[in-house]
Amino acid sequence: MEINILHFSDIHYKDGDTKIDNLLEKLLIFDFNKKIDLIFFSGDLLSKPSEQGFENVFTNFIKPLIYKFNISIDNCIFTVGNRDVDLTKRSKLTFSGLKVEREDKNILNDIISNKVILEEFIDYKKFIDNLNQSSLIENNVIYSIHKNIVNKIQIGTISINSSLFMEKSDQDFGKLWLSTNLIMDLAKKLNDCAIKVLNIHHPLDWFQNKNELEKIILDKFNICFFGHEHQHDGIYKSDLYN
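Reading guide: rules and limits
Residues numbered from 1 in each chain as written. Predicted model: local features only at pLDDT ≥ 70, side-chain atom pairs only at ≥ 80, totals over all residues. Heavy atoms only, no water. Core = buried A, V, L, I, M, F, W, Y, C linked by side-chain atoms within 4.5 Å. Buried < 20%, exposed > 50% of the residue type's maximum accessible area, 1.4 Å probe, protein only. Helix = DSSP H or I, 4+ residues; strand = E, 2+ residues; numbered from the N terminus. Contact = heavy atoms within 4.5 Å. Disulfide = S-S within 2.5 Å. 1 Å grid on protein atoms, 1.4 Å probe; cavity = no way out; pocket = protein on both sides within 12 Å on 5 of 7 lines; lining within 4 Å. Points joined across faces, edges and corners; volume = space filled by probe spheres on them. Nonpolar A, V, L, I, M, F, W, Y, C, P; charged D, E, K, R; others polar. Phe/Tyr/Trp six-rings, centres within 6.5 Å; stacked < 30°, edge-to-face > 60°. Lys NZ or Arg CZ within 6 Å of the ring centre and 35° of its normal.

A. Molecular detail of the nonpolar core. Counting residues in hydrophobic clusters, the biggest one holds 64 residues, and the most contacted among them are I39, F41, L45, F61, F78 and I160. In terms of residue count, the dominant contributor to this core is helix α2 (residues 51–69) (7 residues). Excluding residues within four positions of it along the chain, F41 makes contact with F8, I11, F61, I62, L65, C76, I77, F78, T79 and N199. If you look at the next biggest cluster of nonpolar residues, it comprises 11 residues, including L38, F40, I77 and F225.

B. Focus on the state of the cysteines. If you walk through the whole model with that rule in mind, you get 0 disulfides. In this structure C76 is a free cysteine whose sulfur lies 18 Å from that of C193, the closest cysteine sulfur available. Judged by relative accessible area, C76 falls into the buried class, the value being 0%. Here C193 is not disulfide-linked; the sulfur of C224 is the nearest cysteine sulfur, at 16 Å. Judged by its relative accessible area of 4%, C193 falls in the buried class.

C. Unusual backbone geometry, seen in detail. Backbone geometry places D10, a non-glycine residue, at a positive phi of 55°. With respect to the helices, strands and loops of the structure, D10 is situated in the loop between β1 (5–8) and α1 (18–29). A relative accessible area of 12% places D10 in the buried class.

D. Up close: the layout of surface pockets. Counted as a void, the second largest pocket has a volume near 170 Å³. Around the second largest pocket, the lining residues are K99, R102, F165, E167, K168, Q171, D172, K175, W177 and Q208. When its residues are assigned to classes, the lining of the second largest pocket shows 2 nonpolar, 2 polar and 6 charged.

E. Quick look at the packing of aromatic side chains. All told, the structure shown has 11 aromatic pairs when counted by the stated rule. With a centroid separation of 5.4 Å and 15° between ring planes, the pair formed by F8 and F41 is classed as stacked. Taken together, the residues span a long stretch of sequence, with F8 in strand β1 and F41 in strand β2 (residues 38–41) at a distance of 33 residues. You'll find F8 and F41 in the same group, each marked buried. Through a chain of ring-to-ring contacts, the aromatic side chains of F8, F41, F54, F61, F78, Y124 and F127 assemble into a single cluster. Geometry around F95 places R90 over its ring, the cationic atom sitting 3.8 Å from the centre.

Purely geometric stuff here, so don't read any function into it on its own.
As structure tokens, then:
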């Protein structure tokens, strides 16, 4: 059974950008010759984060694609990128504590349950919440979970925030961190899915624990989408249905 996925990353949308306008125009007139079932966005929707910016990229870029491919917003899956994060709203005290306790499940649970608020991600979270997707099972500033049925096949996606420990995006190579315990716990929530997808903005080379992450991804997921480096990148297994 064929499933067709369109993958975007690093759109860097801003009003009046002719490059974005030209890209959209080409996408709208191009004959894909296939039905698109899912659209994945792997972060950096915006050039500069703002609540209005997220509204504008949806209205002026994402919505025309939805009409073009005649798909539901439920079949559009997003993750946050470093440019979607408003670091001017970050609490230095909270961030310092988070860095020290990065594998502490209690800390992560407090963030997930909004007992600890990470203001730098609030505009992005509001954007996702306002989409009102029936496929969205969970959404918080650390991760979201989607479950979609395409051609009678259930596809589960974990979109995880790889910018949680971002400091200076151009100097973070090899310094970022993703909790391997969290990813393993999240993978269990996709046990009822035939295809398991991980959607991350930063490629694995950007993480201190790259090797551990790669092992888990290859073991627990069928597909992994990346962005950030402005080139096609991902991990997939050829035996998706085995």
